[in-house]
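# Geometric and topological summary
Okay, here's what each chain looks like letter by letter:
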Amino acid sequence: DRQSNKVANYLSSNNVKLDDSIGIYTNRSIETIIGIMGILKVGCAYMPIDPTYPESRIKYMLNNSKAKVLLDMERLDLSDQVSECVYSIIFPNNLAYIIYTSGSTGSPKGVMISHLGLYNTIKETSGKFKLLQSDRILQFSNMSFDASIWEIFSSLCCGAQLIMLRNDDEILNFQNYEASVMLLSPKILEASEYVEGFVRTLISGGEAFTPNILAKYSSIKSIFNAYGPTENSIISSIKDCSSLGKI
């Protein structure tokens, strides 16, 4: 909390204002979470940028979003910043984050999501998936994709642990992390070997479940197929498939 306050004070010293776009290089790390929280505390919208993106795409995103600051949490020196809390008056329609689409059909487009949209998604899905303070939620998704936002804020808002995948090479070994709640794509579920253990809630999105996947993971207590475009704040529809794969 103190470190994110330092980020917020650093941004304030750069004269940012409500709803300003702040770019942040993202990887699966506690430093990234600290940066995101600092951005939100000062009333700005965070825009995740994968540091492996081509330089031309990064420049386009920064220019197109009119980003006021670009944070690199691995290099940012906060030693001179105070850790006092920054107070910002934020309304439901103020921006929380900006996600850029892949650009597969043209130039990438920035999707602006409000605090209200994020709040509604986290509130409704936390109840639907029965998330608990004792849960261990896997932070699996690349942090430049909006699925990561659900993983991060679901854990923060219900007091659960956020278990971060160390690197992309570990994708098919996700079960080693002993998470109780996971949001994974059908392709990953199809390719992975499932060993019964810690998972109590499995959510898959982006594509429909196949009968093979349902049968393979049928021993898990709660299984959901979720879908939602970025514009609709991550998740728009949920189907409880818990009983479909059980014989």
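Nothing here was measured: the structure is a model prediction, and the numbers come from that model.

As a further point, take the nonpolar core. With 43 residues, the main nonpolar core has Leu11, Tyr46, Leu71, Tyr97, Trp150 and Phe153 as its most contacted residues. Here this core takes six residues from helix α5 (residues 147-158), the largest share from any one element. The residues contacting Phe153, other than those within four sequence positions of it, are Ile36, Met37, Leu40, Tyr46, Leu118 and Ile122. Phe140, Phe174, Tyr177 and Met182 belong to the second-largest nonpolar core, a separate cluster that totals 21 residues.

Another aspect to go through is the environment of Ile223. Looking at the secondary structure, you find Ile223 in strand β10 (residues 222-227). A C-alpha to C-alpha distance of 9.0 Å links Ile223 and Phe129, two positions 94 residues apart in sequence. Excluding anything up to four places from it in sequence, Ile223 contacts Leu202, Phe209, Leu214, Tyr217, Ser218, Lys239, Asp240, Cys241 and Ser242.

A cluster of basic side chains, namely Lys128, Lys130, Lys221 and Lys239, defines a positive patch on the protein surface. Along the chain, Lys128 turns up in helix α4 (residues 115-128). For Lys128, a relative accessible area of 39% gives the class partly exposed.

Moving on to the packing of helix α2 (residues 30-41) against α5. Where α2 contacts α5, the axes come no closer than 12 Å and their chain directions differ by 75°. Accordingly, the angle class assigned to the pair α2 and α5 is roughly perpendicular. Contact residues: Ile33, Ile36, Met37 and Leu40 in α2; Ile152, Phe153 and Leu156 in α5. Partitioned by chemical class, the residues of the contact of α2 with α5 number seven nonpolar, no polar and no charged.

Pairs of aromatic rings are described using the distance from one ring centre to the other and the angle between the two planes. Tallied over the full model, the rule gives four aromatic pairs. An angle of 45° between the planes, with centres 6.1 Å apart, marks the rings of Tyr46 and Tyr97 as tilted. Of this pair, Tyr46 sits in strand β2 (residues 45-49) while Tyr97 sits in strand β4 (residues 95-100), placing them 51 residues apart in sequence. With relative accessibility at 0%, the residue Tyr97 sits in the buried group. With a centroid separation of 5.8 Å and 80° between ring planes, the pair formed by Phe129 and Trp150 is classed as edge-to-face. On the criterion of sequence distance, the pair formed by Phe129 in the loop between α4 and β6 (136-139) and Trp150 in helix α5 is long-range, its members being 21 residues apart. On the basis of relative accessibility, which here comes to 2%, the residue Phe129 falls in the buried class. On the accessibility criterion, Trp150 (0% relative accessible area) is buried.

Cut-offs and rules
Residues numbered from 1 in each chain as written. Predicted model: local features only at pLDDT ≥ 70, side-chain atom pairs only at ≥ 80, totals over all residues. Heavy atoms only, no water. Core = buried A, V, L, I, M, F, W, Y, C linked by side-chain atoms within 4.5 Å. Buried < 20%, exposed > 50% of the residue type's maximum accessible area, 1.4 Å probe, protein only. Helix = DSSP H or I, 4+ residues; strand = E, 2+ residues; numbered from the N terminus. Contact = heavy atoms within 4.5 Å. Patch = residues over 30% accessible without salt bridge, like charges linked within 9 Å, V, L, I, M, F, W, Y side chains within 5 Å. Areas by Shrake-Rupley, 256 points an atom, 1.4 Å probe, with all protein chains shown as cover. Salt bridge = Lys/Arg side-chain N within 4 Å of Asp/Glu carboxyl O. Lys, Arg positive; Asp, Glu negative; His and termini not counted. Charge placed at Lys NZ, Arg CZ, Asp CG, Glu CD. Axes fitted to C-alpha atoms, helices over the stretch in contact; angles between N-to-C directions. Parallel < 35°, antiparallel > 145°, perpendicular 65-115°, else oblique. Nonpolar A, V, L, I, M, F, W, Y, C, P; charged D, E, K, R; others polar. Phe/Tyr/Trp six-rings, centres within 6.5 Å; stacked < 30°, edge-to-face > 60°.

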